[in-house]
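Spelled out from the first residue to the last, the chains are:
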Amino acid sequence: MSQSFVAAMDGGGSKTLLVVLRQDGAIADIGRAGGSNPFDQPLWRETLSGLFARLPPETRAAGLGLAGFGESSTLNQRQRALISASLPNIPLSLTNDVDMACTAAFAGQEGVLLLSGTGSMAWATDGQGHHCRVGGWGSLFGDEGSAFWIGRKALGLVTELLDGRNTQDIAFLEPFQKALDLPSDLTRCGPALLEWYGNLTHERSAVAALARIVARLAEQDCPAAIRMMREAATQLAAHIQTARRKLSRPELPWSYAGGTLQSCFLREAISESCGTPVAPRLPPIGGGLLSAARLAGWSVDADWIDRLAATLEHAGLGN
């Protein structure tokens, strides 16, 4: 008997991931591409279409979590039109990437999923059909506590140090000079920084990548980095607290997703006001696979979810 497949897509601001799963539990294909957020990725259609073209004809269902979905009726129509043309006659679960990550983290049960990657948002569900979102307004309006937000603050501090407006945090400068291949001489560093900025092909992704440097410095007890990460933690904790209040569930467990929250320092700082997080049951892409498997009529139970988690971890797709 021929194999059947389900697929999931995690379309984020900086990268898009496709995973095809066989009914026997093995991964059939993994596809990766650049970001697919229609708000700031002009080639989002090409990115999605290229990945959809990899799906085998025996695909029975798909779970798609796309950045930007649910935020603009015009863009939603465009996303739906592309998906309908690319995946005709396939049962679909279509939502935003944070909703999918919440399904993954709690395996469909109640909780607050805090995501901080290029952007930031919380998605909460009470397990009884009620849900809410907090944040996710984009870099112009918000995305507080996100990697881009942290990276932009880091660049702001670097310019203060280059100007001499700040003379207390000079230890913060050298790691950024090395990471961006900037000259150590302060008179040449400023022009080189502007040259770096002028040559960026995708500003948000490049600035967001700087958050990793800040996180590392915070763990090395750099005072300026600690301040930034604690400020980010305060902003992200407010997302969790607001979601709990909206659902009138102050004790809802919280979990996490996104590259920024891989920082133990940041998670521990959030825990001071929100309690210890629950480790995600599945990585975000697992939420799409879980939804797709259920749509396809596969037998999905706790053991199946555990096997899926192990399979994704072994493939380097774990939390």
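What exactly am I supposed to notice about helix α11 (residues 264-274) here?
Every α-helical turn comprises 3.6 residues, leaving residues that sit three or four positions apart pointing alike. Among all positions of α11, only F265, L266, R267, A269, I270, S271 and C274 are buried. Those residues of α11 that are buried are in contact with β6 (111-116), α9 (211-219), α10 (223-246) and β9 (254-257).

Before we go on, may I ask you to explain the packing of helix α5 (residues 147-163) against helix α7 (residues 186-198) in this structure?
Packed helices, taken two at a time, are described by the angle their axes make and the gap between the axes. For the pair α5 and α7, interaxial distance at closest approach is 10 Å and the crossing angle is 150°. Taken together, the axes of α5 and α7 lie roughly antiparallel to each other. Pair α5 / α7 crosses with left-handed handedness. Contact with α5, carried on its side by L155, V158, T159 and L162, involves L186, C189, G190, L193 and W196 of α7 and no other residues of that element. Partitioning the contact of α5 with α7 into residue classes produces 7 nonpolar, 2 polar and no charged.

Can you walk me through the sheet that holds β6 in this structure?
Strand-to-strand pairing in sheets goes through backbone hydrogen bonds, with the strands running parallel or antiparallel. Here we have 4 strands laid out as an open sheet, ordered β8-β7-β6-β9, and mixed in their pairing. Whereas interior strands pair on both sides, the edge strands pair on one side only; in this sheet they are β8 (131-135) and β9. When the angles between neighbouring strand axes are averaged without regard to direction, this sheet yields 20°. Looking at chain direction, strand β7 (residues 120-125) and β8 are connected through 5 bridges and run antiparallel. Residue pairing in the sheet places A122 in a bridge with V134 of β8. Sheet contacts for α10: β6, β7, β8 and β9; angle to β8, the most-contacted strand, approximately 155°.

What is the right way to look at the packing of aromatic side chains in this model?
Any aromatic ring pair is given by two values, namely how distant the centres are and how the planes are angled relative to each other. Going through the model one piece at a time under the given rule, you end up with 2 aromatic pairs. Across from the ring centre of Y256, 4.7 Å away, lies the NZ or CZ of R267, which sits over that ring.

I keep staring at the side chain of D126 and nothing clicks. Help me out?
One can find D126 in the loop between β7 and β8. For the buried D126, no salt bridge is present, and the opposite-charge side chain at shortest range is R249, 5.2 Å distant. Looking at D126, its side chain comes within polar contact range of the main-chain nitrogen of Q128, at 2.8 Å. Not counting residues within four places of it along the chain, the set of residues in contact with D126 comprises E110, L247 and R249.

What counts and what doesn't
Residues numbered from 1 in each chain as written. Predicted model: local features only at pLDDT ≥ 70, side-chain atom pairs only at ≥ 80, totals over all residues. Heavy atoms only, no water. Buried < 20%, exposed > 50% of the residue type's maximum accessible area, 1.4 Å probe, protein only. Helix = DSSP H or I, 4+ residues; strand = E, 2+ residues; numbered from the N terminus. Contact = heavy atoms within 4.5 Å. Axes fitted to C-alpha atoms, helices over the stretch in contact; angles between N-to-C directions. Parallel < 35°, antiparallel > 145°, perpendicular 65-115°, else oblique. Left-handed = near helix turned anticlockwise from the far one by under 90°. Nonpolar A, V, L, I, M, F, W, Y, C, P; charged D, E, K, R; others polar. Pairing = 2+ DSSP bridges. Phe/Tyr/Trp six-rings, centres within 6.5 Å; stacked < 30°, edge-to-face > 60°. Lys NZ or Arg CZ within 6 Å of the ring centre and 35° of its normal. Lys, Arg positive; Asp, Glu negative; His and termini not counted. Salt bridge = Lys/Arg side-chain N within 4 Å of Asp/Glu carboxyl O. Polar contact = N/O pair within 3.5 Å; in protein donor to acceptor, adjacent residues only side chain to side chain.

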